[in-house]
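So you can see what is in the structure, the chains are spelled out below.
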Amino acid sequence: MKKYLLLLFIAFAGTFAVQAQESDNLSEPEIEELRERTIQLITDFQGYLTEIGNKSNSESMKDYYIKSALHLFMGNGDSYYIDGRYHDPVIMEVSSLRNGITTVRPKPMKQYLQNLKRLRYTSVRIEKAETVRISNIYKVGDHYEGTAIFFQYFEGKQGERTVYRDKTKKAVKIYVVREDDDWGTHWNVKFGDIKVEETTAG
Amino acid sequence: MKKIFFLMIALVAVLFAGTLKAQTMHGIIVANIDDPSIGESCLKDSYTMEVEMMAIAAACGYEANVVTISGDDYSYSNVEKAVQRLKVGSNDMVFFYYTGHGGRAVDDKSRYPQMALGHTDREMMPLYKVDEKIASKSPKFRIVMADCCNSFVAGMSAKDLMLSEETRIKGSAEKNYKSLFGSVSGNVLVCSSSVGEPSAALTEGGAFTLSFLKELSSMVNGNTQPDWNRLMESTKSRTTRVGKHTPLYEVNVRNSSSPAPSYNGGGTVAPTTNNGDDFLAALMQLTSQNSNKMDRINRVDPLLARYFASPRARVEVYGRSFNTMVSRETSADFLARVATSTSLASFVVLSAEKDSNGKITYLKLHEIYKQN
């Protein structure tokens, strides 16, 4: 009447018991769960952009979302240390499509979010499009890296008139880094630079 | 004993807006987590099934009312009471799940096993009797599932008489969950092993439970039409391959004329919790997509003060295996994130520690996101 204990984990790839994250290396199941976490965080980030751009939200509310958004990034939007050196604050590339020509400009994330808050349209709609895609996460030095792709629609209006609309494909650099806090060290997902991959008419 | 763990694994719910009486998914999880040989496996099973039940409820737009009977509460009488006290509406769904020891008597008439809810023969409860009892309450759809051995046990008697009568998220996945759970009526009765067979307990959970969840995940996330017979057949096949035992099942499912309400990504009514603690209800309110966004943000500080020992209390988020910590943050950061998230659907509290004032100093949980 007893269940017999089978210690064959192999049959359930992806559900191995994993050790508490004390080692310098992540197991495959851990990496898989951190990939899932990354997708959740990117989804949240896209939601933040929607709210920060939304003209009907108050200034204080937008600031709250900006703070939450910055939390997701390396250095919280300030310069950060990785690969043995300090890096400039993460950037967000912004693009515009005029007459079939795409212009791409990098903005420090903090500045980008502040600009987004006060775009000169009477209404702004930013919506996520398609599901987030994420690459393998692989070890680089003492941390892990990967890339995720997300899509978003942007529409800016003046009154009832749509002044600008596009759909962008963006690639965000993913870092899985060890962080120290009051309780020791642990692995954490953080975002790096976000680059425009493609901009099309929305 | 186990710290202050509300192993309860409370539950969650997502009610649909503007409706006074929501459809409810009643879940009863019975897990023998203290057994030295299979306890760890059963604990995993109870967590994963709790998560799955919440995902089902969220996807179908049901209020979830999930009770977990384990640890000190694990007893024949508590299971009996939980089943008997079920108050089921005609459009409700009941999901009973057992993970633990099981067996059968040589003269058992049912193909399904008896669940070992204690150490004596009197504490063996036939699975089919639970199904009968739940059926008598006429839910729209019921699932009775056991991950336990179905092998013959010397000295065990058949029990014809039950329980004394006086005496428990992605667009396509959401749609498929509804097809399987929300838009059907009838019942599913399942046991992990065929007559005479034991069941395998792996470190990650029962071979059957893991197989069921894997196949369920494939089905709800896949492109094929969800179908209970196919789900159970593939679960059977996987369990046979992995656990070397063959699940037994009966599927009697038909499309329901009462469609499941649409998912709204959060509720306007506080969900119930199974331990009387309103913390989860408060958390759910904080995630509710139907609440005013500024209201959600404004609730952060009061919640922090009410439930946490300090803004720097430790909150750890674990992935679906419950082994991998995917985030660690302070309680202040956690609540701020929850209040601004646009895709969090619910939580499973895995454990918590509190100070002498009853305030949380450490919270370990799993987050369920609505997939878009």
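The structure this text deals with has already been given above.
Residues numbered from 1 in each chain as written. Chains lettered and ligands numbered in written order. Predicted model: local features only at pLDDT ≥ 70, side-chain atom pairs only at ≥ 80, totals over all residues. Heavy atoms only, no water.

Trainee: What should I look at first to understand the overall build of chain A in this one?
Mentor: Along the backbone of chain A there are three helices and 10 strands. For chain A, the α and β elements follow one another from N to C terminus as β-α-α-β-β-β-β-α-β-β-β-β-β. Relative to its 202 residues, chain A shows a buried fraction of 48%. Restricting the contact set of chain A to residue pairs at least 6 apart, pairs at least 24 apart contribute 59%. (Helix = DSSP H or I, 4+ residues; strand = E, 2+ residues; numbered from the N terminus. Buried < 20%, exposed > 50% of the residue type's maximum accessible area, 1.4 Å probe, protein only. Contact = heavy atoms within 4.5 Å.)

Trainee: Please clarify how helix α9 (residues 300-307) of chain B should be interpreted in this entry.
Mentor: Note on helix geometry: an α-helix contains 3.6 residues per turn, so any two residues three or four positions apart are oriented the same way. When α9(B) is considered as a whole, its buried residues turn out to be V300(B), L303(B), L304(B) and Y307(B). Down the axis of α9(B), the sector holding all buried residues measures 100°, keeping them to one side. Pointing more than 90 degrees away from the buried face of α9(B) are the exposed residues D301(B) and A305(B). On its buried face, α9(B) sits against α2 (59-71) of chain A together with α7 (279-287), α8 (293-298), α10 (331-340) and β15 (360-369) of chain B. (Arc of directions from axis to C-beta.)

Trainee: For this particular structure, what's the right way to read the nonpolar core?
Mentor: Generally speaking, soluble globular proteins have nonpolar side chains that are buried together. One finds F45(A), M109(A), F191(A), F308(B), F334(B) and L363(B) to be the most contacted residues of the largest nonpolar core, which totals 74 residues. Top contributing element to this core by residue count: helix α1 (residues 28-53) of chain A, with eight residues. Counting residues in hydrophobic clusters, the runner-up holds 34 residues, among them I29(B), V66(B), M93(B) and W228(B). (Core = buried A, V, L, I, M, F, W, Y, C linked by side-chain atoms within 4.5 Å.)

Trainee: I'm lost on unusual backbone geometry in this one. Help?
Mentor: Most peptide bonds take the trans form, and the phi angle of most residues other than glycine is negative. Its identity as a non-glycine residue notwithstanding, N76(A) has a phi of 50°, on the positive side. On the secondary structure map, N76(A) appears in the loop between α2 and β2 (80-82). Of note in this structure, K244(B) is not a glycine but carries a positive phi near 65°. Residue class for K244(B) comes out exposed when judged on its relative accessible area of 58%.

Trainee: Would you mind showing me how to read the pairing of strand β14 (residues 344-354) of chain B here?
Mentor: Side-chain direction in a regular strand flips from residue to residue, so the side chains alternate between the two faces of the sheet. All names here are of chain B. Within β14, nine of the 11 residues are buried, which leaves it mostly tucked inside the rest of the structure. Direction of pairing for β14 relative to β15: antiparallel, over a ladder of nine bridges. What sits directly across from K354, in β15, is I360. Counting the residues between successive antiparallel strands, the hairpin from β14 to β15 contains five residues, one of them, G358, with a positive phi of roughly 80°. (Pairing = 2+ DSSP bridges.)

Trainee: Mind showing me how you'd approach the interface of chain B and chain A here?
Mentor: Interfaces are often described in size by the accessible area the parts lose on coming together. On the chain A side, the residues contacting the 61 residues of chain B number 46 residues. Across the interface of chain B and chain A, roughly 4400 Å² is buried in total on both sides, 56% from carbon and sulfur atoms. Run the count over chain B and chain A and you get four salt bridges. Between D182(A) and R312(B) there is a salt bridge, and its shortest N-O distance comes to 3.0 Å. (Buried area = accessible area lost by both parts, 1.4 Å probe. Salt bridge = Lys/Arg side-chain N within 4 Å of Asp/Glu carboxyl O.)

Trainee: Would you mind showing me how to read the sheet that holds strand β5 (residues 114-116) of chain B here?
Mentor: All names here are of chain B. With antiparallel pairing, the three strands of this open sheet are ordered in space as β4-β5-β6. Here the strands that pair on one side only, and so sit at the sheet edges, are β4 (102-103) and β6 (124-126). Pairing between β5 and β6: three bridges, direction antiparallel. Residue pairing across strands places A116 opposite M124, the latter belonging to β6. In the packing of helix α3 (residues 127-135) onto the sheet, the strands contacted are β5 and β6, and the crossing angle to β6 comes to about 55°. (Axes fitted to C-alpha atoms, helices over the stretch in contact; angles between N-to-C directions.)

Trainee: Looking at this structure, I do not really get the packing of aromatic side chains. What am I missing?
Mentor: By convention here, two paired aromatic rings are described through the distance between centres and the angle between planes. Scanning all chains against the criterion turns up 18 aromatic pairs over all chains. On the basis of an interplanar angle of 80° and a centroid distance of 5.6 Å, the ring pair of F73(A) and F191(A) is categorised as edge-to-face. Of this pair, F73(A) sits in the loop between α2 and β2 while F191(A) sits in strand β10 (residues 184-201); the two residues are 118 residues apart in sequence, bridging distant segments of the chain. Accessibility assignment for this pair places F73(A) and F191(A) in one class, buried. Each member of the aromatic cluster is reached from another via a ring pair, and the members are F45(A), F73(A), F150(A) and F191(A). Positioned above the aromatic ring of Y362(B) is the side chain of R314(B), whose terminal nitrogen or guanidinium carbon lies 4.2 Å from the ring centre. For the cation-ring pair, K364(B) lies above Y318(B), with the distance from its terminal atom to the ring centre recorded as 4.5 Å. (Phe/Tyr/Trp six-rings, centres within 6.5 Å; stacked < 30°, edge-to-face > 60°. Lys NZ or Arg CZ within 6 Å of the ring centre and 35° of its normal.)

Trainee: Is there a simple way to think about the pairing of β10(A) in this case?
Mentor: All names here are of chain A. Two elements, strand β9 (residues 161-181) and β10, share 15 bridges in a ladder whose sense is antiparallel. Across the sheet, V177 pairs through a bridge with N188, a residue of β10. Adjacent in sequence and paired antiparallel, β9 and β10 are bridged by two residues.

Trainee: Sorry, what's going on with the sheet that holds strand β13 (residues 325-330) of chain B here?
Mentor: Pairing between the strands of a sheet comes from backbone hydrogen bonds, and it takes one of two forms, parallel or antiparallel. All names here are of chain B. Strand order across the open sheet formed by four strands is β13-β12-β15-β14, with mixed pairing between neighbours. Only two strands of the sheet have a single partner each, and these edge strands are β13 and β14. Pairwise comparison of adjacent strand axes, ignoring direction, gives a mean angle of 25° for this sheet. Pairing of strand β12 (residues 314-318) with β15 involves five bridges; the strand directions are parallel. Looking across to β15, one finds that Y318 is bridged to H366.

Purely geometric numbers; function is a separate question.
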